[in-house]
Amino acid sequence: MNLVDAKRLFFKLRAANRIDICEDHVIGDHPERGYSIGEVVLLVKAPGTFHDSTDPNFTGERFYWRTRDIYENDVRLVIEFEVDECGQLIMVVSAGERS
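In this text, all values refer to a predicted model and were calculated from it rather than measured experimentally. (Residues numbered from 1 in each chain as written. Predicted model: local features only at pLDDT ≥ 70, side-chain atom pairs only at ≥ 80, totals over all residues. Heavy atoms only, no water.)

Draft legend 1. Broad picture of the nonpolar core. With 19 residues, the main nonpolar core has Phe 10, Phe 50, Leu 77, Ile 79, Phe 81 and Val 93 as its most contacted residues. If we ignore the near neighbours within four places in the chain, the residues touching Leu 77 are Tyr 35, Val 40, Leu 43, Val 44, Phe 63, Tyr 64, Trp 65, Val 93, Ala 95 and Gly 96. (Core = buried A, V, L, I, M, F, W, Y, C linked by side-chain atoms within 4.5 Å. Buried < 20%, exposed > 50% of the residue type's maximum accessible area, 1.4 Å probe, protein only. Contact = heavy atoms within 4.5 Å.)

What follows is the structure, encoded as structure tokens:
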């Protein structure tokens, strides 16, 4: 998927609240980052910028949403697009980093 199409899809799914969070990884594997489900949803909906992955193995498959949390820390969320169990397209937050 090219960046223009992915960006369009990101904003469409965000507006429709079609957001899922890979809780096992984003929250469970990295408790030191302090994310909650609610915060991740708020971060996805916050102002930010959308970029393609910097990893050449995932270009066009994974994307980055860069924003800031309430403490002005930089946040990078990894965004992927998948189909849920009902066959509906969703945006999945599969990872997140805070600096």
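Don't stop here, the text continues.
Draft legend 2. A look at the side chain of Glu 80. Its place among the elements puts Glu 80 in strand β4 (residues 74–83). Using a relative accessible area of 16% as the deciding quantity, one classes Glu 80 as buried. A distance of 3.3 Å separates the side chain of Glu 80 from the side chain of Arg 62, its partner in a polar contact. Here the side chain of Glu 80 touches Ser 94 through a polar contact of 2.7 Å, side chain to side chain. For Glu 80, the residues in contact, after removing those within four places along its chain, are Glu 61, Arg 62, Ile 90, Met 91, Val 92 and Ser 94. (Helix = DSSP H or I, 4+ residues; strand = E, 2+ residues; numbered from the N terminus. Polar contact = N/O pair within 3.5 Å; in protein donor to acceptor, adjacent residues only side chain to side chain.)

Draft legend 3. Seen up close, the environment of Leu 43. In this structure, Leu 43 sits in helix α3 (residues 37–45). Judged by relative accessible area, Leu 43 falls into the buried class, the value being 4%. Considering only alpha carbons, one finds Leu 43 and Glu 82, 39 residues apart in sequence, at a separation of 19 Å.

Draft legend 4. Region of the structure containing the packing of aromatic side chains. Taken as a whole, this structure holds six aromatic pairs when the rule is applied. Taking 5.0 Å as the distance between ring centres and 85° as the angle between the ring planes, the aromatic pair formed by Phe 10 and Phe 11 counts as edge-to-face. We classify Phe 10 as buried; its relative accessible area is 0%. With 4.9 Å between their ring centres and 40° between their planes, Phe 10 and Phe 50 make a pair best called tilted. One end of the pair, Phe 10, is in helix α1 (residues 3–15); the other, Phe 50, is in strand β2 (residues 49–52), and 40 residues separate them in sequence. Under the relative-accessibility criterion, Phe 50 is labelled buried at 6%. Grouping aromatic residues by their ring pairs yields a cluster made of Phe 10, Phe 11, Phe 50, Phe 63, Trp 65 and Phe 81. One Lys or Arg, Arg 62, reaches over the ring of Phe 58 and ends 3.8 Å from the middle of that ring. One residue, Arg 98, lies across the ring of Tyr 35, its end atom 4.4 Å from the ring centre. (Phe/Tyr/Trp six-rings, centres within 6.5 Å; stacked < 30°, edge-to-face > 60°. Lys NZ or Arg CZ within 6 Å of the ring centre and 35° of its normal.)

Draft legend 5. Broad picture of a negative patch on the surface. Together, Asp 20, Glu 23, Asp 24, Asp 29, Glu 82 and Glu 85 make up a negatively charged patch on the protein surface. The element best represented in the negative patch is helix α2 (residues 23–29), accounting for three residues. Inspection of the secondary structure assignment puts Asp 20 in strand β1 (residues 19–21). Judged by its relative accessible area of 37%, Asp 20 is partly exposed. (Patch = residues over 30% accessible without salt bridge, like charges linked within 9 Å, V, L, I, M, F, W, Y side chains within 5 Å. Areas by Shrake-Rupley, 256 points an atom, 1.4 Å probe, with all protein chains shown as cover. Salt bridge = Lys/Arg side-chain N within 4 Å of Asp/Glu carboxyl O. Lys, Arg positive; Asp, Glu negative; His and termini not counted. Charge placed at Lys NZ, Arg CZ, Asp CG, Glu CD.)

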